[in-house]
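Structural features, examined
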Amino acid sequence: MRVSVIGGGTITDEQAARAERVGRELAARGHTVVCGGRGGTMAAVCRGAKAEGGTTIGILPGERRDAANDDVDLPIATGLGHARNALVPLNGDAVIALAGGVGTLSEFGFAGIYDRPVVGLETHDVDAAGLDLETVDTPAAAVDAVEAALESC
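Right, let's walk through the structure included here.

Here's the deal with the overall build of the protein chain
- If you tally the helices and strands in the protein chain, you get five helices and seven strands.
- The order of α-helices and β-strands along the protein chain, N terminus first, is β-α-β-α-β-β-α-β-α-β-β-α.
- For 153 residues, the compact-globule formula gives about 15 Å, and the C-alpha radius of gyration of the protein chain, at 13 Å, lands near that figure.
- Viewed in the frame of its principal axes, the protein chain has a C-alpha envelope of about 35 × 30 × 30 Å.

This is how it looks when you write it as structure tokens:
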């Protein structure tokens, strides 16, 4: 399956290590990573996926495919700026949400609109927004949860 991974463009070393582990776990299980294609969480999750021989898709805000991080296999230039945030969860079968800012929150919202299962790992508390968010403690548990959510659909 394709799993969209959302999170901040500027992150700590600890958050980068967590995102990289998520990418490794997804690729090890044969899943394709979809992300925003740039830096921070996006670069880390792609780096992890590529380390395990996985495939990565980057939905880019600008018009240049070469703006993608080095570990994106399939860069998709949109020219939409932040509006591209609607396309990241749309192109995944499920979403894993990591720590991020308001851009990540917009992707949360679109995941809800598109009825994508969302699993949170060290991310925002969005209960008040009415999004059905399962929270977990490890990258492996995040991938377990998105797999289980899709099996029950």
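The rest of the description comes next.
A few points about the nonpolar core
- Membership of the largest hydrophobic core comes to 27 residues, with the highest contact counts inside it found for Val5, Val22, Leu26, Val45, Ile96 and Leu98.
- Not counting residues within four places of it along the chain, the set of residues in contact with Leu26 comprises Val3, Val5, His31, Val33, Ile96 and Val143.

Things to note about empty space enclosed by the protein
- Applying the stated criterion to the full structure yields one cavity of 30 Å³ or more.
- Volume-wise, the largest cavity comes out at about 40 Å³.
- Around the largest cavity, the lining residues are Ile11, Gln15, Arg18, Ala19, Thr41, Leu98 and Ala99.
- It is helix H1 (residues 13-28) that contributes the most residues to the lining of the largest cavity, three residues altogether.
- Partitioning the lining of the largest cavity into residue classes produces four nonpolar, two polar and one charged.

Focus: H1
- Along its 16 residues, H1 runs 22 Å from first to last C-alpha, staying within 8% of the 22 Å computed at 1.5 Å per residue.
- Those residues of H1 lying buried are Ala16, Arg18, Ala19, Val22, Gly23, Leu26 and Ala27.
- In this structure, the buried residues of H1 make contact with strand E1 (2-6), strand E2 (32-35), helix H2 (41-51), strand E5 (94-97), strand E6 (118-121) and helix H5 (139-151).

Rules used in this analysis
Residues numbered from 1 in each chain as written. Predicted model: local features only at pLDDT ≥ 70, side-chain atom pairs only at ≥ 80, totals over all residues. Heavy atoms only, no water. Helix = DSSP H or I, 4+ residues; strand = E, 2+ residues; numbered from the N terminus. Rg over C-alpha atoms; globule rule 2.2 N^0.38 Å. Core = buried A, V, L, I, M, F, W, Y, C linked by side-chain atoms within 4.5 Å. Buried < 20%, exposed > 50% of the residue type's maximum accessible area, 1.4 Å probe, protein only. Contact = heavy atoms within 4.5 Å. 1 Å grid on protein atoms, 1.4 Å probe; cavity = no way out; pocket = protein on both sides within 12 Å on 5 of 7 lines; lining within 4 Å. Points joined across faces, edges and corners; volume = space filled by probe spheres on them. Nonpolar A, V, L, I, M, F, W, Y, C, P; charged D, E, K, R; others polar. Expected span 1.5 Å × (residues − 1).

It is worth stressing that arrangement in space is one thing and function is another; only the former is reported here.
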